[in-house]
Amino acid sequence: MSAPDLAQLRRHLHRLAEPSGAETATAAWVAETLRVWAPSRLLTGLGGHGVAAVFGAPDAAPGPTVVLRAELDALPIPETIDLGHASRTAGCAHKCGHDGHMAILLGVARELAARPPGRGRVVLLFQPAEETGEGAARVAADPRFRALEPAWLFALHNLPGYPRGTVLVRAGAFCAGSAGLTVRLVGATSHAAYPEQGRSPDRAMADLVTGLACLPIPFERHNELCLVTVVHARLGSPRFGTTPGDAEVAATLRAADGGVLERLKQEAAALAGRLARTHGLDCTLAWSEEFPVTWNDPQAAALVTDAAKAAGLTVDAPDESPFRWSEDFGVLAALGRGAMFGLGAGRQQPALHAERYDFPDALLEPGVAVMAALAHRALAAG
Ligand SMILES: [Zn+2]
């Protein structure tokens, strides 16, 4: 299959866009398309709608297992730009380029069918629910995936703002870890003329918003990424005769180091508890969208550099170290020696998650070249 066909595959995947955890049609279409290249095994329903195509020797045969990962899910962002291949799903579109990542792995399937692994096996994993941080953990917990005993694991992400086709990689932390925290404070309402008869969470909420923003200060001295962003706050309701009886504050916590993130979580929880006690309120905490730090193994990162050079691509270090955004690939990388890398999508390309974004088809073949070279190098490394 030649280059224009990969673009057609990408555009078809773009039309199918489905939200995290509901990638039914996308997964079915990917599995069906993979059969064209006759993998030795095809696994479906991995950790939800995950699909994995195995190329090479049977599981028990000697040689390492190399996993290359793409993501199945799109974002809850409507398609507002005029595209011939516009998303057919209302309110949902591929604005993170996962359609391109999938098309790249389909191109790798084409390469592996033409040049099968001499020893070991290559697993092309199409992972569900990346955007919510749930998919990688579910795939990692699936016994059928663990039975593959991954030795090497790699993933790429297209990166707007960097020269098109440049490979961005570094050893160590590549993406920050993050956690979403929702604090609910409950007191008691009263007539607004008698606020002293109620227990309003107003001051606790105000102190919580400012206190959360100050939590990273002690860590900043160590020059490490550490960030708390308040994303939502609500107090009572706009009824003028009643004092508020409850409040909710939500924030995202981020750090470059797993230990720092853990301490940040503990301190955020302690702050909320302390403020609730001071103001006589009940307090509940809920954690969601938790992503571990994506940590690149030095040897795996070196293989990415070698593969990129072999594919004729320029290699550079990312501007941000690590990136402030999070990725659940860190969960999979921890199963063996793993690395994630960026593939520059073009300096003028709209940002990820922007409504104007569409994956550039010119990136497909460079992506295939680096991923295929990486698979063969990792197999040879043992
Ligand atoms: Zn993404």
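What counts and how
- Residues numbered from 1 in each chain as written.
- Predicted model: local features only at pLDDT ≥ 70, side-chain atom pairs only at ≥ 80, totals over all residues.
- Core = buried A, V, L, I, M, F, W, Y, C linked by C-beta atoms within 7 Å.
- Buried ≥ 20, exposed ≤ 12 C-beta atoms within 10 Å, placed from the backbone.
- Helix = DSSP H or I, 4+ residues; strand = E, 2+ residues; numbered from the N terminus.
- Domains from an automatic or database assignment.
- Contact = placed C-beta atoms within 7 Å.
- Expected span 1.5 Å × (residues − 1).
- Arc of directions from axis to C-beta.
- Nonpolar A, V, L, I, M, F, W, Y, C, P; charged D, E, K, R; others polar.
- Pairing = 2+ DSSP bridges.
- Axes fitted to C-alpha atoms, helices over the stretch in contact; angles between N-to-C directions.

Of all hydrophobic cores here, the largest spans 111 residues; its most connected members are Leu68, Val108 and Val304. Ranked by residue count, the leading element in this core is helix H11 (residues 364-381), at 11 residues. Taken together, domain 1 (3-175 + 293-381) and domain 2 (177-291) each give at least three residues to this core, which thus spans both. Not counting residues within four places of it along the chain, the set of residues in contact with Val108 comprises Leu68, Leu124, Val368, Met371, Ala372 and Ala375.

What follows is about unusual backbone geometry. A cis geometry characterises the amide bond from Ser321 onward to Pro322, with omega recorded as -5°. Looking at the secondary structure, you find Pro322 in the loop between strand E13 (315-316) and helix H10 (329-333). In this model, Ala38 sits at a positive phi of 50°, which is unusual for a non-glycine residue. When you line up the elements, Ala38 lands in the loop between helix H2 (24-34) and strand E1 (41-46). Owing to 13 C-beta atoms within 10 Å, Ala38 belongs among the partly exposed residues under this scheme. A positive phi angle, close to 45°, is found at Ala129, a residue other than glycine.

Right, let's get into helix H6 (residues 202-214). Over its 13 residues, H6 extends 19 Å from the first C-alpha to the last, a length consistent with the 18 Å expected when each residue adds 1.5 Å. Those residues of H6 lying buried are Ala204, Met205, Leu208 and Leu212. Buried residues in H6, looked at end-on, bunch into an arc of 95°, giving them a common side. Looking at H6, the residues exposed on the side facing more than 90 degrees away from the buried face are Arg203, Thr210 and Cys214. Where the residues of H6 are buried, they touch strand E8 (177-186), strand E9 (226-235), strand E10 (246-255) and helix H8 (258-278).

On to H8. Compared with the 30 Å implied by 1.5 Å per residue over 21 residues, the 30 Å span of H8 between its first and last C-alpha is a close match. Taken together, the buried positions of H8 are occupied by Val260, Leu261, Leu264, Ala268, Ala272, Leu275 and Ala276. Across the axial projection of H8, the buried residues extend over an arc of 145°, all falling on one side. Exposed positions of H8 whose direction lies more than 90 degrees from the buried face are Gly259, Gln266, Ala270, Arg277 and Thr278. Contacts from the buried residues of H8 go to E8, H6, helix H7 (217-220), E9, E10 and strand E11 (282-291). Once H8 finishes, Gly280 follows within two positions and takes phi at roughly 65°, a positive value.

You can read the domains of the protein as domain 1 (3-175 + 293-381) and domain 2 (177-291). Computed from C-alpha atoms alone, the centre-to-centre distance between domain 1 and domain 2 is 36 Å. Listed by partner, the interface residues are 10 residues for domain 1 and 11 residues for domain 2. Of the residues that constitute the side of domain 1 that touches domain 2, the class distribution is 3 nonpolar, 4 polar and 3 charged.

Now for the sheet that holds E11. Pairing is antiparallel across the open sheet formed by 4 strands, whose spatial order is E9-E10-E8-E11. Sheet topology places E9 and E11 at the edges, where each strand pairs with a single neighbour. Across this sheet, the average inter-strand angle for adjacent strands is 15°, counted without regard to direction. The sheet strands contacting H6 are E8, E9 and E10, and the helix crosses E9 at an angle near 160°.

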